[in-house]
Amino acid sequence: MSIKTKIRQSVLDSLLKILVPAPAEGDGQRRPFGPEEFRLIREALLSQNLCSTDGQMVANFEKEFAALYDAPYAVASTSGTAAIHVALGALDLNPCDEVITAPITDLGTIIPIISQNAIPVFADIDDTYNMDPEDVERKITPQTRAIIVVHLFGNPCNMDAMVDIARRHKIPLIEDCAQAHLAEYKGKYAGTIGDIGCFSFQQSKHMTTGDGGMTVTGNKTYYERMKLFADKGYARKGWGTRAYLFHAPNYRMNELVGAVGLAQLKKLKGIVSKRQELGQYMTELLKGVDGVRVAPVTPGAKHTYWLYPMALTGVDTALFAAELRKADIHVGLGYTGKPIYLCSESLTAKKTYGDSQFPFSASGKSYEYKEGLCPRAEKTLESLICVPLNESMSRGQIERNAGLITSAIKKLAKPAEKTKSAAASAATVSMPPTTPQKAGETTAIGIIGCGQMGRWHLNSYKQNPSCKVVGLVDTDFSRAQVMANEVGAKAYRSHTEMIANEALQGVSVCTLPSTHREIVIDLLRSGIHVLCEKPLAISVDEGREMLRAAQDHRALVLPAFKFRFFDEVQKAKELIERNSLGQILTFRVMFGGLIDMTGTWYAQKKLAGGGVIMDNGPHALDIVRYLLGDIRSVNAYGSHFQKLEVEDTAQLSLSLESGAMGTADLSWSNSMPSSNYLEIYGEDGNIFLSAEGLNYKFKTWKEWKKVARERGPRELFALQIDHFLQCVRGMAPTQVTNEDGLKTQILIEAAYESIRRESKVAVSSGERVPEPSTAA
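Now for a quick tour of the structure. Note that the structure is a prediction, hence the values are computed from the model and not measured.

1. Observations regarding the overall build of the protein chain
Regarding its fold elements, the protein chain presents 24 helices and 29 strands. Based on the C-alpha atoms only, the size of the protein chain along its principal axes is roughly 105 × 60 × 55 Å. Accessible surface computed for the protein chain: about 33,700 Å², of which carbon and sulfur atoms make up 50%. Of the side-chain charges in the protein chain, 88 are positive and 87 negative, and the distance between the mean point of each set is 4 Å.

2. Side note on the pairing of strand 27 (residues 693–698)
The buried count for strand 27 comes to five of six residues, which makes it a mostly enclosed element. Alignment of strand 26 (residues 685–690) against strand 27, held across six bridges, turns out to be antiparallel. Bridging across to strand 27, phenylalanine 688 finds its partner in asparagine 695. Here strand 27 runs beside strand 28 (residues 705–708); their pairing, made up of four bridges, is antiparallel. Residue pairing for strand 28: asparagine 695 is matched across the bridge by lysine 706. The turn joining strand 27 and strand 28, which pair antiparallel and follow one another in sequence, is formed by six residues.

3. Some points on the nonpolar core
Counting 86 residues, the largest nonpolar core has Leu627, Val634, Leu652 and Ile687 as the members making the most contacts within it. Setting aside anything within four residues of it in sequence, one finds leucine 627 in contact with Val569, Ala572, Lys573, Ile576, Leu678 and Ile680.

4. Digging into the pattern of salt bridges
Here the structure, examined in full by the defined rule, presents 45 salt bridges. Residue glutamate 137 is joined to arginine 168 by a salt bridge in which the shortest nitrogen-to-oxygen separation is 2.8 Å. Taken together, the positions of glutamate 137 in helix 6 (residues 133–138) and arginine 168 in helix 7 (residues 159–169) put the pair 31 residues apart, joining distant regions of the chain. Arginine 168 gets classed as partly exposed once you look at its relative accessible area, which sits at 46%. The closest approach of N and O atoms between glutamate 323 and lysine 326, which form a salt bridge, is 3.8 Å. You can see glutamate 323 and its partner lysine 326 sitting in helix 10 (residues 317–326), three residues apart, about one turn around the helix. Residues participating in the shared-partner salt-bridge network are Arg564, Asp622, Arg625, Asp630 and Asp740.

5. Observations concerning helix 2 (residues 35–46)
Taking 1.5 Å per residue, twelve residues should reach 16 Å; helix 2 reaches 16 Å between its end C-alpha atoms and fits that length. In the segment just after helix 2, glutamine 48 is the residue with positive phi, at about 60°.

Rules used throughout
- Residues numbered from 1 in each chain as written.
- Predicted model: local features only at pLDDT ≥ 70, side-chain atom pairs only at ≥ 80, totals over all residues.
- Heavy atoms only, no water.
- Helix = DSSP H or I, 4+ residues; strand = E, 2+ residues; numbered from the N terminus.
- Areas by Shrake-Rupley, 256 points an atom, 1.4 Å probe, with all protein chains shown as cover.
- Lys, Arg positive; Asp, Glu negative; His and termini not counted.
- Charge placed at Lys NZ, Arg CZ, Asp CG, Glu CD.
- Buried < 20%, exposed > 50% of the residue type's maximum accessible area, 1.4 Å probe, protein only.
- Pairing = 2+ DSSP bridges.
- Core = buried A, V, L, I, M, F, W, Y, C linked by side-chain atoms within 4.5 Å.
- Contact = heavy atoms within 4.5 Å.
- Salt bridge = Lys/Arg side-chain N within 4 Å of Asp/Glu carboxyl O.
- Expected span 1.5 Å × (residues − 1).

The structure is reproduced here in structure tokens:
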């Protein structure tokens, strides 16, 4: 190199250090690129050639990568997915050949299998979150042509067992090392133990080129075919007639990516070493915390911690994740949420090539990708939390994160003697335990109020053999008699008369809202559990009185929030808790229709406590709380289209603690209500709920998926009755608790206060509402 060239290079290096500053010390923000990447990119650009077939960057990257891993051959490609496809391309599979792989992985592991017209078969996991060798062997059939193990999160599989299985059955073994750069198993690097190793350079990986992949092997035959496969099967031989030896894609890496890869490769050992240090330190800090299963490490392996995976027990993972996100620790729920075979319609619905369902349709066998396929993986993902970890973090940041994790677990832990801890603490009283009944005993039930809702409750109790309705009450005695005669019960004119004459264990209260307080408190003071139709009360003060009485007398006062039990609501909750929609951005809940309320008790404030907000608001607000979390503020508007003394139409603008915003539209005067009663919009997908079921779509899908209701209105309504009876018989409430009615009443009162003030009203996690304004 000439003196002039050395001076030019020195000046350039100095300039690059100014233009590309080093990462701020200890801020934990990952900045993988620096002056060396810029220098090599400049060299590539100055060469005036970015195609790797005539360049040097990619060729050198392949050589240096192979040398680092002590592998004879390496083939660069455009992504980790492409790297796996290149590996399968080396095997020359036939259509409908089977490939066994992991249930917990990215779809990038599966796409190449189907793209080669082969069929993925999933083996369940063991304690390491990796594939269980015994289940791998159980899944081998005469059609098995390959095994792809996935070294999940940077922790290698039990490779002794995997190699033994592959050798005995003479099946090629491919290693997916997308998350396991420089991970070791008994002194060997992951990716060099099986027949072929595959790596990803996607942005989040230990080393990154933004996207890119590498496939390594020690088998020259595989290498020669891999090299062709990544280049359209093109046998390059200079000028003349071209020769493409077999069908193959174009996965050639370009010179700019190769340049970045060369620079990244020099940093990889330091990056992995730092991650190992931090991951091991996190384990030391968490290993004594009750409720935490620290990141497992396969015996004989060295984990490289792409993420820090841990499992929780006795803690609601969704609440835990939300708690940590408040502290700016963006943990992941369950990694993929569900096993990958439940995440892609190319598997669940076999949407592959048009409507052919090929290769599944040509296999002569039935392949179903549904729940229960890998039960251990499905169960594990329910408790799995992925904590971010990268080489730019300091030990102090790991200590901070471990401390916040420990605090969140202690806050949210569910002791056996409590039904809920953190969630229940938001109310003014706690949930009392119930006294279990003996097996075979029939639960004695009463119903107060024999109108339409009383009829629905009676019909539901009649379907449940564990109970007997023994008493019915209504101010219209003849109406109570008619219903009592249906079930051999006794009719009463007042609730006090029924309490005095019947040994009741539970009662449904289906009367006017203005009567709830007196009736419910009398029942609770008699030690009788209550299922109360909405609204729980007509004021927050009355609601708090009821809950204090329940606490004092160890009784239940569950609000009848039937929507929580509906099929589509449960499915939506599952999707949201899996974080399938990403962050929830906005929502719209709509309840109403055209109902003439003139002359009805609904339109009399003294009896109903309010108008459509008091009538439809409880269900609307509760479903928002149940699915999306606590409401921080309410801004409400009301209208009187039917000229009633109460509002017949209202709109509530709601801000959630999570940052999401939405509206609740309520009306008795809407002649054409929306077919959807709830619409939820997230950053990664949308959910629409209606009486027909649930429609949802992720941003990566072209089509909506519909999940129809499995049960009719009567069956769905009866689910809340069944839940109440189970709780009366000693089961801790799982769907609705004592506090839920009060929390919703607080929001209703906040809505009315907002209308009076003509301004937004803040609600502190659903706990209280500000004092009424004294302004005129």
